[in-house]
Number of protein chains: 2
Amino acid sequence: MNKHLGPVEPTAEAIGTLRPVSAVRLDPGGLLGGWQRRNADATLPHCVEQLTAHGNLDNLRRITGDADGEFRGFWFADTDVHKTLEAAFWSGAAPEFADEVAALLEKAQDPDGYLDSYYQDPANRAKQWGELHFSHEMYTAGHLIQAAVAAARSAPDSPPAQQVVAVARRFADLLVRRYAQSSEVDGHPEVETALAELYRVTGHRPYLDLAKQFVEKRGHGVLGEGRFGPRYYQDHEPLRRADEVTGHVVRQVYLLAGAVDVAVETGDHELLAAAIRLWDSALSSRTYLTGGQGSRHRDEAYGDPYELPPDRAYAETCAAIGNFQLAWRLLLATGDVKYADEMERVLHNGIAGSTADDGTAFFYSNPLQLRTGHDGSHEDAPSQRLTWYSCACCPPNLARLMASLHAYVATSDPEGLQIHLYGSGTVTDGPRAVEVDTRYPWDEQITVTVTASPAGPWTIALRVPAWCADLRLTVNGTPSPARGQVQDGYLRLHRVWQPGDQIGLTLVMPARLVAAHPRVDAVRGAVAVVRGPVVYCLEQAGVPDGTLLEDLRLDTSAPLSVAFHTTGIAPVTVRVPVRTLVDQAQAPLYRDVAAAPDGPPGPAATVTAIPYFRWANRAPGAMRVWIPLAAPEG
Amino acid sequence: MNKHLGPVEPTAEAIGTLRPVSAVRLDPGGLLGGWQRRNADATLPHCVEQLTAHGNLDNLRRITGDADGEFRGFWFADTDVHKTLEAAFWSGAAPEFADEVAALLEKAQDPDGYLDSYYQDPANRAKQWGELHFSHEMYTAGHLIQAAVAAARSAPDSPPAQQVVAVARRFADLLVRRYAQSSEVDGHPEVETALAELYRVTGHRPYLDLAKQFVEKRGHGVLGEGRFGPRYYQDHEPLRRADEVTGHVVRQVYLLAGAVDVAVETGDHELLAAAIRLWDSALSSRTYLTGGQGSRHRDEAYGDPYELPPDRAYAETCAAIGNFQLAWRLLLATGDVKYADEMERVLHNGIAGSTADDGTAFFYSNPLQLRTGHDGSHEDAPSQRLTWYSCACCPPNLARLMASLHAYVATSDPEGLQIHLYGSGTVTDGPRAVEVDTRYPWDEQITVTVTASPAGPWTIALRVPAWCADLRLTVNGTPSPARGQVQDGYLRLHRVWQPGDQIGLTLVMPARLVAAHPRVDAVRGAVAVVRGPVVYCLEQAGVPDGTLLEDLRLDTSAPLSVAFHTTGIAPVTVRVPVRTLVDQAQAPLYRDVAAAPDGPPGPAATVTAIPYFRWANRAPGAMRVWIPLAAPEG
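What comes next is a walk through the structure. (Residues numbered from 1 in each chain as written. Chains lettered and ligands numbered in written order. Predicted model: local features only at pLDDT ≥ 70, side-chain atom pairs only at ≥ 80, totals over all residues. Heavy atoms only, no water.)

1. Concerning the overall build of chain A
Filter applied, for reference: Each helix is a run of H or I in the DSSP string that is no shorter than four residues. Each strand is a run of E no shorter than two, and both are numbered from the N terminus. Note on method: radius of gyration uses C-alpha positions; expected globular size equals 2.2 Å times residues raised to 0.38. Note on exposure labels: buried denotes an accessible area under 20% of the residue type's maximum, exposed denotes more than 50%, and partly exposed covers the range between, all computed with a 1.4 Å probe on protein chains only. Computed with the Shrake-Rupley method and a 1.4 Å probe, the accessible areas treat only the protein chains shown as cover for residues.
Scanning chain A from terminus to terminus reveals 14 helices and 24 strands. Expected size for 634 residues packed as a compact globule is a radius of gyration near 26 Å; at 25 Å, chain A falls within 12% of this value. The dimensions of chain A, computed from C-alpha atoms along their principal axes, are 80 × 65 × 45 Å. Counting the 634 residues in chain A, one finds 65% classified as buried. As displayed, chain A offers around 20900 Å² of accessible surface, 51% of which is attributable to carbon and sulfur atoms.

2. What to know about the relation of the copies chain A and chain B
Spelled out, the test is: Copy-to-copy alignment: least squares on C-alpha atoms, limited to residues at pLDDT 70 or above in both. Contacts are assigned to residue pairs with any non-hydrogen atoms lying within 4.5 Å of each other.
Note on the identical chains: chain A maps onto chain B by a rotation of 180° and an axial translation of 0.0 Å, with an RMSD of 0.0 Å. The transformation relating the two chain copies, once decomposed into turn and shift, fits a two-fold axis. Minimal C-alpha separation from the rotation axis in chain A is found for A:Arg298, amounting to 2.0 Å. Counting the interface residues of chain A, we find that 98% of their copies in chain B are interface residues as well, pointing to one common contact surface.

3. A word on the sheet that holds strand 12 (residues 486–487) of chain A
Residue and element names in this part refer to chain A. Short version of the rule: Two strands pair under a simple rule: DSSP has to find at least two bridges between them. Axis geometry follows a simple rule: fit a line to the C-alpha atoms, using only the stretch in contact for helices, then measure angles between N-to-C directions, giving values from 0 to 180 degrees.
Pairing is mixed across the open sheet formed by six strands, whose spatial order is 1-4-5-9-13-12. At either margin of the open sheet sits one strand with a lone partner, and together these are strand 1 (19–20) and strand 12. Sheet topology places strand 12 next to strand 13 (residues 490–496); two bridges connect them, and they run antiparallel. Across the sheet, the residue bridging to Val486 is Leu491, located in strand 13. Where helix 12 (residues 317–334) meets the sheet, its contacts fall on strand 1, strand 4 (410–413) and strand 13, and the angle it forms with strand 4 comes to roughly 20°. Strands strand 9 (457–463) and strand 13 of the sheet are contacted by helix 13 (residues 337–351), whose axis makes an angle of about 50° with strand 9.

4. Some details on the side chain of B:His297
The residue B:His297 is located in the loop between helix 11 (269–285) and helix 12 (317–334) in this model. Ignoring anything within four residues of it in the chain, the contact list for B:His297 reads A:Arg298, B:Arg312, B:Ala313, B:Tyr314, B:Ser365, B:Asp380 and B:Ala381.

5. Points about the packing of aromatic side chains
Stated formally: The aromatic pairing rule takes the rings of Phe, Tyr and Trp, using the six-membered ring of Trp, and pairs them if the centres are within 6.5 Å, calling planes under 30 degrees apart stacked, those over 60 edge-to-face and the rest tilted. Any Lys NZ or Arg CZ found within 6 Å of a ring centre and within 35 degrees of that ring's normal is scored as a charge over the ring.
For the coordinates displayed, the defined rule picks out 52 aromatic pairs over all chains. Measuring from ring centre to ring centre gives 5.5 Å for A:Tyr364 and A:Tyr389, while their planes differ by 55°; the resulting arrangement is tilted. You can see A:Tyr364 sitting in the loop between helix 13 and strand 3 (369–370) and its partner A:Tyr389 sitting in the loop between strand 3 and helix 14 (394–403), a full 25 residues away along the chain. Judged by relative accessible area, A:Tyr364 falls into the buried class, the value being 9%. Residue A:Tyr389 is classed as buried on the basis of its relative accessible area of 4%. Site record: aromatic cluster; members linked through ring pairs are A:Phe74, A:Trp75, A:Phe76, A:Phe134 and A:Tyr139. One residue, B:Arg495, lies across the ring of B:Trp497, its end atom 5.2 Å from the ring centre.

6. A word on the interface of chain A and chain B
Worth spelling out the cut-off: Buried surface area refers to the total accessible area, computed with a probe of radius 1.4 Å, that the two partners give up upon joining, counted for both partners together. Any carboxyl oxygen of Asp or Glu that lies within 4 Å of a side-chain nitrogen of Lys or Arg is treated as forming a salt bridge with it.
With 63 residues of chain A in contact, the opposing surface of chain B contributes 62 residues. Approximately 5200 Å² of surface area, both sides summed, lies buried where chain A meets chain B, with 47% of it carried by carbon and sulfur atoms. It is A:Arg519, A:Leu589 and A:Tyr590 that lose the most area in chain A upon contact with chain B, and together they represent 15% of the buried surface on that side. Between the two partners, chain A and chain B, sit 14 salt bridges.

Don't take any of this as a statement about function, it's just geometry.
In structure tokens form, the structure reads like this:
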């Protein structure tokens, strides 16, 4: 067994190709490690502050008699506390908060194990367990349990960790007593993966059995119509039989994460295949170029196939996080590189873009376009990141993900180590250890140095991203043919390794133009600029005065060029040749093509594309990932 | 004064260029008259049935003690009764219903004039007038008043009409007593136009003053944040100062209709100019090709400028109706042909498309595209028209519009008569009368015969639609140069007319390709087929088996051709040359342009476009108005 390191720790009996490694440290000077440090230094303290300011902690203190006033926020406001607590445990960065909350949760818990400060309110007691389609009670239990799992794995001997584990187990035991013989499920999945993880931590089989039951019972119309119909919460059809993702994206991906956990722990290949099938359905027609999912604001839902509007992309931050966590589970289960590719994409774009440079403001929805004249007056679609939200699920979700980010970069199998995400740091797995040194994704060069090695040959596998068309390799300074050693998406170097051995991998990163499937109507006639895993965008702030972003057309007759910087908005920008349409402000909304054909492509210019994840850190204004193509001249 | 004929009857003192005419009859054999007959024969009885089935009438009977059970439906369910009653009065087609409802309303009304069966429920009494941002109480009063206006104008001497007028006046008088000194307004405009109209019927000035006050007080943040912020209900800025439409579309256009009524009756040119400015802002960047408005499902709202997704077009039926009614008011006030052009467009597309062939099923939202694989399981975006909706505002709104449709086709001014909408029938205004004979919009030919004429010369003005590039004219069989007699969008024929004089107008109607403004990202690289005022669409039902609608590309190298039919889906269809993309099902969602350029345009074929307003009357399936262009060959 590996030491407990991060989320998702399948048991030795689980189906699985890859396993988490026992220790990873990310260098705070790199991009990934820098995000992790910013999270500990800024985001986590910010979340703690906001939980105080918005009453989440007082909601619990009302139950213990230590605060007065009304319940504040959404009825599932406890989950923001639990997610922040989970982040505190993974990072070890907020020990006072962890101590205080552990004690508060223990004190607030009912004797039977129930713990939900909204439904413990005397005004709402009578509704306990009575409106599961809506109440999020098990969703709340799930996040409590996930905090406990983090506690158990990161600080098993600490008193607050033991306290939280005990509280979570009491709630989980209550769920087992109450629902083991029931056909009810919660309207918002989350408890499934939490119970499976709690089983992994405790070995207590009833938790896993209950997780399995929740996965199985859902899909039989047990939740009623609700406001948006049964498909909204994936209750229209059992997951095992479903062919495509549907409804509320976060519900769908959390459910899939739980299903994968159950499938691997119970050896249920059919269920695992169903999860893979659904993942494929999302990736083939319902995923943004940033890895975001969710095309509709109305119900925070997937749209129809190929319905991917960049301006109205919902692409909720929590959905991106859920997808990252789901892809990790599928990667462990199958070893298929496509899941690691997707983790990289969504991490560097959909997830990274949700947090402001300073780590204390966030997007909830993550559009790929903001129009000139955008009405950003409502938190549903603000023009810039906000410090908090009335439904604040995303910021603490980011905190717990970033706090555990190191756990997702590498795996092991009997052959050796696999590196999936590239960031400077060290990876240790038993007798094997390597050091990774890179400025990826800005730089093409990754250096992996062996720092500990057992006797005998073993394999270091380095992911070759699907976007990479050209790579180069040196081993101890000697060039080696790279492509021939790539197998199933990984450069697999099998040999006797000595401490000090050094691998030099170059993933050549030109700026590329990417187009969408012809059925994606919303971006027809437009392309996106991508370099390595990083999607780029144009902002009004980077366009000459007097020109609207909307009137630029990418000129494919001239080349893109990559520019490197030591200061400024990003280490790497891309210079994009454009033509500027003129006199568009007064043009009619519709015109006869015969009477008014397309005008000439307009004057030539060059504008600077920046990484999408850095948008909205300058002046507020229009932004777009997809750039319309200029009509060919003449 | 004209005889009372239809909605909007400005007083003699009002600002105005044109006036309603005293009598119009539409021939049920024509398209407009056929819609009106279908409305009387099918839609109106259907609405009456549904009001019974869904408890709207019983809601009122609970208040009179004539029914038991719970209040059913939305809290403003009374308005569906009022709108149906208005339709009954305009059409004269459901006298028993009018009798019964008039008596029921009188009996249900509180002694002080209050009448709202939701807030008269003992459970809700305490909330009366206490949640105006949300309650729709004045919106409900407004629809009651509009029914009374219809009663007063269409059947002033009938007992049920007098009964409804008395009930409405008592409610209006209560509003005057309660709100004349207040700064409060209702969250949903409607009462403004209703009160102005009631003033027109009664001459009682306090109604107009209160309407004006509601228009003026709105926009000062008097409604609070609500769920979607103040812009949702146009409370962020006084209408008089606003530059662009915003928020919930029906609220915006109903407010504008009320503002125009107030402006013309009070001689307020500034307010009228503001309404025109807002109308222009909607038409220049926030209106669909069908005349529909509302780009967002979430809050039934306008989007940002040029945000016009065809698949997620909300384009609510009630918004289209409201816009038609608003354009009529602006036409009367200004005489500007653009309003009549817009009435024609929205009537023949956005409005007409909302009703099924048989008149008993309806769309609430009116998309311009339905995708293959569309999830139509929820009434928010069904694949076909539904017989009723949980919020059933649209069907009875259609009923009242269609019942009064004849009132919108012509106007008079001191010079003579103006014909704005073309349908077979007769138009009478005092001593002047003409008969219109046409199969418009299927046929290009319109014959206008003078049937009564005063002595001396006068002008018959016939609208020349903006889409019309070529017209021909005969007078008593003799060709006459047409273009030279067109002035400000009307063919103006000034002479001494004799009964029997005949005008032959030909509005040449080729099938045309229309493109959108380059900033409308959602339909870039696509065109729409339009003939005359009618927008066409492709349906999967008209595409060869084995080909997906999504994979067709319009081939501009071959001509469109118009086909005429005596049976089938429509009298006129358009044959559209296309290329068919092949092997798209397995293509990746994103691809490097350099590695995988566009394929060849695929095999050629021809498919049939049908009028948009006839869509979803065959098999359910994909539909699209905007057809992507094939890439040029080679």
